[in-house]
Amino acid sequence: MTAVVQVLDVVQEYPGVRALKGVSLDLAPGQVLGLVGENGAGKSTLIRILGGIEQPVSGRLVVRGEDRTFRGSAESQAAGISVVSQEFRLVPQLSVADNVFLGHESTRAGVVDAAGTRARTAELLDQLGLDLDPDRPVSSLTVGDRQMVEIARALSREFDVLIMDEPTAALNGAEILRLHAIVRRIAEQGKAVVYVSHHLDEIFEICHDVAVLRDGSLVAHAPTADLDEARLVEHMLGRAPQTYERGAVTEHAGEERLTVRGLRVPGVAEPFDLSVRAGEIVGLAGLVGSGRAELTRALFGDLPATSGEVRVDGRAVRLRSSREAVRHGIFMLSEDRKGEGILPHLDVTENAMVSRDRSGLGLLRRLLPVPADESAQFERLRTDMRIRVPHGRQLIGNLSGGNQQKVLLGRALLSGCAVLLLNEPTRGVDVGAKVDIYQLVKQLAEAGVAVVVSSSDAPELAAITDRCAVYFAGRQVAELHGRDVTEDNIVSASVGQTVQEGSDV
Ligand SMILES: Nc1ncnc2c1ncn2[C@@H]1O[C@H](COP(=O)(O)OP(=O)(O)OP(=O)(O)O)[C@@H](O)[C@H]1O
Ligand SMILES: [Mg+2]
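Procedures and definitions
Residues numbered from 1 in each chain as written. Chains lettered and ligands numbered in written order. Predicted model: local features only at pLDDT ≥ 70, side-chain atom pairs only at ≥ 80, totals over all residues. Heavy atoms only, no water. Helix = DSSP H or I, 4+ residues; strand = E, 2+ residues; numbered from the N terminus. Rg over C-alpha atoms; globule rule 2.2 N^0.38 Å. Buried < 20%, exposed > 50% of the residue type's maximum accessible area, 1.4 Å probe, protein only. Contact = heavy atoms within 4.5 Å. Areas by Shrake-Rupley, 256 points an atom, 1.4 Å probe, with all protein chains shown as cover. Near = heavy atom within 4 Å. Polar contact = N/O pair within 3.5 Å; in protein donor to acceptor, adjacent residues only side chain to side chain. Donors = N, O, S within 2.8 Å, 3.2 Å for Na, K, Ca; no water. Axes fitted to C-alpha atoms, helices over the stretch in contact; angles between N-to-C directions. Parallel < 35°, antiparallel > 145°, perpendicular 65-115°, else oblique. Nonpolar A, V, L, I, M, F, W, Y, C, P; charged D, E, K, R; others polar. Pairing = 2+ DSSP bridges. Core = buried A, V, L, I, M, F, W, Y, C linked by side-chain atoms within 4.5 Å. UniProt positions renumbered as here; feature names shortened; annotations may be inferred.

Novice: Requested: an account of the overall build of the protein, with residues and values cited.
Specialist: From N to C terminus, the protein includes 18 helices and 22 strands. Here the C-alpha atoms of the protein give a radius of gyration of 23 Å, agreeing with the 23 Å that 2.2 N^0.38 yields for 505 residues. When the backbone C-alpha atoms are referred to their principal axes, the protein occupies close to 70 × 50 × 45 Å. Among the 505 residues that make up the protein, the fraction classed as buried is 53%. The contacts of the protein with a sequence gap of at least 6 include a subset with a gap of at least 24, amounting to 66%. Surface exposure of the protein reaches about 21500 Å², of which carbon and sulfur atoms provide 48%.

Here it is in C-alpha cells:
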C-alpha cells in the first residue's frame, strides 16, 4: 500500500516554541489513523501544515509521490486534502448552506446556484443525520450544530485525505456514532483519514493505527490492536497516568449558597429546583433535548427565566444577563470557548485576570498563598494546571485548544465567586490534565464554593460530583447521591430508564 501523503522530518517553530521536532508519518489509502497527544503536543500544528495554513520551517510533504509546498488552504484542498479544523472557521452571519459551500460554490452558467447549493447542503446534513434548515444563519446554531456544519463543509469537497481535528469535542453521543459510521464508510471508499481525539475510546473504536505525538516528536506509531488504553496514555504522557481520587463524598457541606425554586425556563417542561451548599459539587446530566443546556444558560442569566426564584447566599437575585450573574457571585465557564470565552487579542495573563475578584479575595488566594502580582499569579496557575505556554504575555489565540480551556478555567478560579457553573469543563482537555482539573475543582469546593458541573461526559460526572440531577425530555428524572452517582446510573437515567436509587443510604 503506497502512501497518498508522506510527511518527512517536518519541523515547525513559533517564537519560543518548537512545536514539531522532525515528524515523519505516512497516510495510507483506506486507513483511519488516530493522532493523539497531550494538549500542546503539536497535533493541530501538523494539521495546519497539511492543510496549507502554515508552512513548516523544514521538512517535506510528498503527495502521491510528488514534493509539494502548500501556500494556502486552497492549494492543499486542490491536492485532495480536506480538513475539519479544531477552531471553527465559519462565518456566523452567513447561512448554513453558504458556509458549507463557501469558496467552492456550485455555479450555473457562471452564476452562484443558490437552489443547488441549498439542495446539496440538505443532502449532506441528511447524511449526517442533522435536521437543520440550510437557510438558517450559523450565528443561531448551538456549538454542536456548528461542529456538524464544519464537518459537512469538509465532506462537501472532493478529497482523498480527510483530516479531522477533534471533530467530536462538541458532539453528543448519537452524533458521534453517526460520524463514526461516516468515517468508516469514507475509509472503505479507499480514502485516508486522520482522526484527532482526546476520547481514547473513539481511537480504539474507529482507528486502524495510532500515532502519538509528545512534545513535538512522534513517540509511537502502531496498530491500535497492539495497544490498550493504559499503554497509549503512557506513550502520550511519558509516564504512568495518575488516577483521580475522588475521596469521601461531601457530607458536611456548609450553608446553602445557591437556591433555585420553581424556575421556569423556555424550552423546559417542568420548573427547575436546585440547591447547592458550600463545599458541594452537584452535577447536571442529560442528553440534547433534555433541558440541561437551557437550565445551565438560565442560571447564568444567558437565557432569562420567565418565573421562579434564585438566591445566592440567601439573597434573592434576578438574572437577566451574564454580567448580572457575575455581579451576584455566579460565574460560568462557557462551553463555547471561541465565541464567549477567550479574548483573542489579549495575552494569557489578561485573559485569566479579566474577571478577577478585585477585593483580593480570589478563590485561589484562599486555597494557597497567592502572590499579589498578576504575573506571579499567572505563574501559579501555569504550574498547577500545567498550562503549556512559553510566558504569560503570549496571546491566548496562539495556545493549543486544551491550553486555552485551562486558562479559562483559571479565570473562573480567580473570579472569587460564590457559585461556579462549569459547562463541559474538560472539553478538549487531555487525559493527563483532566486529573489536575478535577483536583482543582475539588479544592475549590473545599474552600467553600458551591460548584455546579453541567456535562455530557458521564464518567466525568461520576468522578467528581457528590450529587447529580439527571434530565430527560425537559424533566428531572433522577437525583443520584453519593455512591449512586455512577456512569451506568447516569447513562440509564439520561435515556429515560428507571434507576435503582438509594443503595448507599
Ligand atoms: N501561532 C503560534 N504562536 C506561538 N505558539 C504557537 C502557535 N501555534 C501553536 N503554538 C504552540 O505550539 C504548540 C503545539 O500546539 P498545537 O496547537 O499543535 O497543540 P495540540 O497538540 O493541537 O494541542 P490540543 O490538544 O490542546 O489542541 C503549543 O505549545 C502551542 O502553544
Ligand atoms: Mg489542537
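Novice: Explain the site of ligand 1 to me, using residue names and the numbers behind them.
Specialist: In the vicinity of ligand 1 lie 22 residues, with Gly40, Lys43, Ser44, Thr45 and Ser400 positioned nearest. One nitrogen or oxygen atom from the main chain of Ala41 is found 3.2 Å from an oxygen atom belonging to ligand 1. Taking His198, its side chain carries an N or O atom lying 2.9 Å from an oxygen atom of ligand 1. Burial of ligand 1 by the surrounding chains reaches 92%, relative to a free accessible area of 640 Å². At the level of elements, strand S2 (17-27), helix H1 (43-50) and helix H15 (401-414) are the ones that each hand at least two residues to the shell around ligand 1. For the shell around ligand 1, the element with the most residues is H1, which contributes four residues.

Novice: Outline the coordination of the magnesium ion (ligand 2), listing residues and values.
Specialist: With distances of 2.0 to 2.1 Å, the protein atoms coordinating the magnesium ion (ligand 2) are Ser44 (OG) and Gln86 (OE1). Of this pair, Ser44 sits in helix H1 while Gln86 sits in the loop between strand S6 (81-84) and helix H3 (96-100), and the two are 42 residues apart along the sequence.

Novice: Tell me about the packing of H15 against helix H16 (residues 431-446), and name the residues and values.
Specialist: Running from N to C, H15 and H16 cross one another at 5°; their axes reach a closest spacing of 12 Å. Taken together, the axis directions place H15 and H16 in an arrangement best described as roughly parallel. Within the contact between the two elements, H15 uses Lys406, Leu409 and Leu413 and H16 uses Ala433, Ile437, Leu440 and Leu444. In the contact of H15 with H16, the residues fall into six nonpolar, no polar and one charged.

Novice: Please give an account of the sheet that holds strand S11 (residues 209-214) that cites residues and values.
Specialist: Read across the open sheet, the six strands follow the order S6-S9-S10-S3-S11-S12; overall the sheet is mixed. A single partner strand is all that each edge strand has here, and the edge strands are S6 and strand S12 (217-223). Going from strand to strand, the sheet's axes swing by 15° on average, the running direction of each strand aside. Relative to strand S10 (residues 192-196), strand S9 (residues 161-165) runs parallel, the two sharing five bridges. In the strand pairing of S10, Ile163 is matched with Val194. On top of the sheet, helix H5 (residues 143-155) reaches S6 and S9; it is set at about 180° to S6, its chief contact. Running over the sheet, helix H6 (residues 173-188) touches strand S3 (32-36), S9 and S10 and is turned about 150° from S10.

Novice: Describe the nonpolar core, and please don't skip the residues or the numbers.
Specialist: In this structure, Leu381, Met385, Leu420, Leu422, Val451 and Ile490 are the most contacted members of the largest nonpolar core, which totals 48 residues. Sort the elements by how many residues they give to this core and H16 lands first, with eight residues. Aside from chain neighbours lying at most four places away, what touches Val451 is Val276, Glu280, Ile281, Val282, Leu420, Leu422, Val441 and Ala445.

Novice: So what's going on with the pairing of strand S13 (residues 256-264)? Which residues, and what values?
Specialist: Alignment of S13 against strand S14 (residues 272-277), held across five bridges, turns out to be antiparallel. Residue Leu258 lies in a different strand from S14, and its bridge partner there is Val276. Bridging between S13 and strand S16 (residues 307-312) involves five bridges; their strand directions are antiparallel. By the bridge assignment, Leu258 is partnered in S16 with Val312.

Novice: Quick one: what's the story with the UniProt feature "domain: ABC transporter" (unreviewed entry) in the protein, residue by residue and with numbers?
Specialist: Sequence positions flagged by UniProt for "domain: ABC transporter" (unreviewed entry) are, in local numbering, residues 5-240 and 253-498. Spanning residues 5-240, this segment combines 33% helix with 28% strand, and its end C-alpha atoms are found 33 Å apart.

Novice: Could you give an account of the pairing of S11, naming the residues involved and the relevant values?
Specialist: Consecutive residues of a regular strand have side chains that alternate between opposite faces of the sheet. Burial analysis of S11 places five of its six residues in the buried class, which makes it a mostly covered element. Here S3 pairs with S11 via four bridges, running parallel. Paired with Val36 across the bridge in S11 is Val212. In terms of strand pairing, S11 meets S12 through six bridges, oriented antiparallel. Bridge assignment links Leu213 to a residue of S12, and that residue is Leu218.

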